[in-house]
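One-letter residues, chain by chain:
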Amino acid sequence: GNSVTQMEGPVTLSEEAFLTINCTYTATGYPSLFWYVQYPGEGLQLLLKATKADDKGSNKGFEATYRKETTSFHLEKGSVQVSDSAVYFCALSDNASGGGADGLTFGKGTHLIIQP
Amino acid sequence: NAGVTQTPKFQVLKTGQSMTLQCAQDMNHEYMSWYRQDPGMGLRLIHYSVGAGITDQGEVPNGYNVSRSTTEDFPLRLLSAAPSQTSVYFCASSYGGLPNYGYTFGSGTRLTVV
């Protein structure tokens, strides 16, 4: 079956530090990969995505590259801000299963805390 | 632009009670789904629908029913609430009938069963 593994944290960094949140996956087909962000008290928001190998998704200074050879989709940001404090979820949609209509498989989420 | 609207935001139920969590979207999305979020578990799919009149089970469907009579609405029914159903519930929809386009999530319903 499909699975997503990510560091759970909490991850605590100082403002302007470099961020990496690791994400690895197992899938039966050729998945699309996503990062979602959840701010306190809110629903999840799509942060970025990549639909095929070597694609790079980027948004709001965050980047992640789809690495098929290492089955990874690590999230990075060069200089984090206090406003980036949130929970980050890595997820996949397995295109082998009828286009992924049976939903996204999520990691457990990484709680990121940025201190001023 | 309302997006995905979930009601209520908070609910407390007694064991054995039934209730319906409402979800509505105004983006003409074909695909809608329900997830529950539990600490340390991430999000798990309960039920999903690829269009009006079509529903299917996800990873954790037991104790829940859904129906999809219109494109806009996808209610989730708890038939007989149990403490194990204490969770935060999220409704999500997607353009094009596939989650590959990215989901739009509602803001969640926090349910406590006592």
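Here, every reference points to the structure presented above.
Remember, predicted model here, so these are calculated numbers, not experimental data. (Residues numbered from 1 in each chain as written. Chains lettered and ligands numbered in written order. Predicted model: local features only at pLDDT ≥ 70, side-chain atom pairs only at ≥ 80, totals over all residues. Heavy atoms only, no water.)

Caption draft 1: Quick look at the pairing of strand S6 (residues 44–50) of chain A. Residue and element names in this part refer to chain A. Relative to S6, strand S5 (residues 32–38) runs antiparallel, the two being bridged by six bridges. Bridge pairing links Phe34 to Lys49 in S6. Between S5 and S6, which pair antiparallel one after the other, the connecting turn spans five residues, and Gly41 there sits at a positive phi close to 75°. (Pairing = 2+ DSSP bridges. Helix = DSSP H or I, 4+ residues; strand = E, 2+ residues; numbered from the N terminus.)

Caption draft 2: Quick peek at the state of the cysteines. Residue and element names in this part refer to chain B. Taken as a whole and assessed by the stated rule, the structure comprises two disulfides over all chains. What pairs with Cys23 in a disulfide is Cys91, and their sulfur atoms sit 1.9 Å apart. Taking the sign of the S-S torsion, about -70° here, the bridge from Cys23 to Cys91 comes out left-handed. Residue Cys23 is located in strand S3 (residues 19–25), and its partner Cys91 is located in strand S9 (residues 87–94); the two are separated by 68 residues in the primary sequence. (Disulfide = S-S within 2.5 Å.)

Caption draft 3: Region of the structure containing the packing of aromatic side chains. Residue and element names in this part refer to chain A. All told, the structure shown has 15 aromatic pairs over all chains when counted by the stated rule. Aromatic side chains Phe34 and Tyr36 sit 6.2 Å apart centroid to centroid with 35° between the ring planes, which places their arrangement in the tilted category. Neither residue differs from the other here; Phe34 and Tyr36 are each classed as buried. An angle of 40° between the planes, with centres 5.6 Å apart, marks the rings of Phe62 and Tyr88 as tilted. One end of the pair, Phe62, is in strand S8 (residues 62–65); the other, Tyr88, is in strand S10 (residues 86–93), with 26 residues separating them in the sequence. Summarising the burial analysis for this pair, Phe62 and Tyr88 share the class buried. (Phe/Tyr/Trp six-rings, centres within 6.5 Å; stacked < 30°, edge-to-face > 60°. Buried < 20%, exposed > 50% of the residue type's maximum accessible area, 1.4 Å probe, protein only.)

Caption draft 4: Main features of the sheet that holds S3(B). All names here are of chain B. Judged by pairing direction, the sheet is antiparallel, and its four strands sit side by side in the order S1-S3-S8-S7 without closing on themselves. Each edge of the open sheet is held by one strand with a lone partner, namely strand S1 (4–7) and strand S7 (64–66). Adjacent strand axes in the sheet meet at a mean angle of 20° when their direction is disregarded. Here S1 runs beside S3; their pairing, made up of four bridges, is antiparallel. What sits directly across from Gln6, in S3, is Cys23. (Axes fitted to C-alpha atoms, helices over the stretch in contact; angles between N-to-C directions.)

Caption draft 5: Molecular detail of the nonpolar core. Ranked by internal contacts, the top residues of the largest apolar core, which has 26 residues, are Trp35(A), Leu47(A), Leu48(A), Phe73(A), Leu75(A) and Tyr88(A). Of all elements in the fold, only strand S2 (11–14), strand S3 (19–21), strand S4 (23–26), S5, S6, S8, S10 and strand S12 (110–115) of chain A reach the threshold of two or more residues within this core. Among the elements that make up this core, the one with the highest residue count is S10(A) (four residues). Leaving out residues up to four positions away in the same chain, Leu75(A) has contacts with Leu19(A), Thr20(A), Ile21(A), Trp35(A), Leu47(A), Leu48(A), Phe62(A), Glu63(A), Ala64(A) and Tyr88(A). Core analysis: the second largest hydrophobic core is formed by 19 residues, Leu21(B), Cys23(B), Val60(B) and Tyr64(B) among them. (Core = buried A, V, L, I, M, F, W, Y, C linked by side-chain atoms within 4.5 Å. Contact = heavy atoms within 4.5 Å.)

Caption draft 6: Main features of the sheet that holds S8(A). Residues and elements named next belong to chain A. Spatially, the four strands line up as an open sheet ordered S3-S9-S8-S7, and their pairing is antiparallel. Since the sheet does not close on itself, it has two edges, and those belong to S3 and strand S7 (56–59), each with one partner. If you compare each strand with its neighbour and ignore which way they point, the axes differ by 15° on average. Relative to S8, S7 runs antiparallel, the two being bridged by four bridges. Paired with Gly57 across the bridge in S8 is Ala64.

Caption draft 7: Quick peek at the side chain of Gln6(B). All names here are of chain B. Note that Gln6 resides in strand S1. A distance of 2.9 Å separates a polar atom in the side chain of Gln6 from the backbone nitrogen of Cys91. Engagement of the side chain of Gln6 in a polar contact is seen with the backbone nitrogen of Gly108, the distance being 3.2 Å. If we skip the residues at most four places from it in the chain, Gln6 touches Gln22, Trp34, Tyr89, Phe90, Cys91, Gly106, Ser107, Gly108 and Thr109. (Polar contact = N/O pair within 3.5 Å; in protein donor to acceptor, adjacent residues only side chain to side chain.)

Keep in mind these numbers describe shape, not what the thing actually does.
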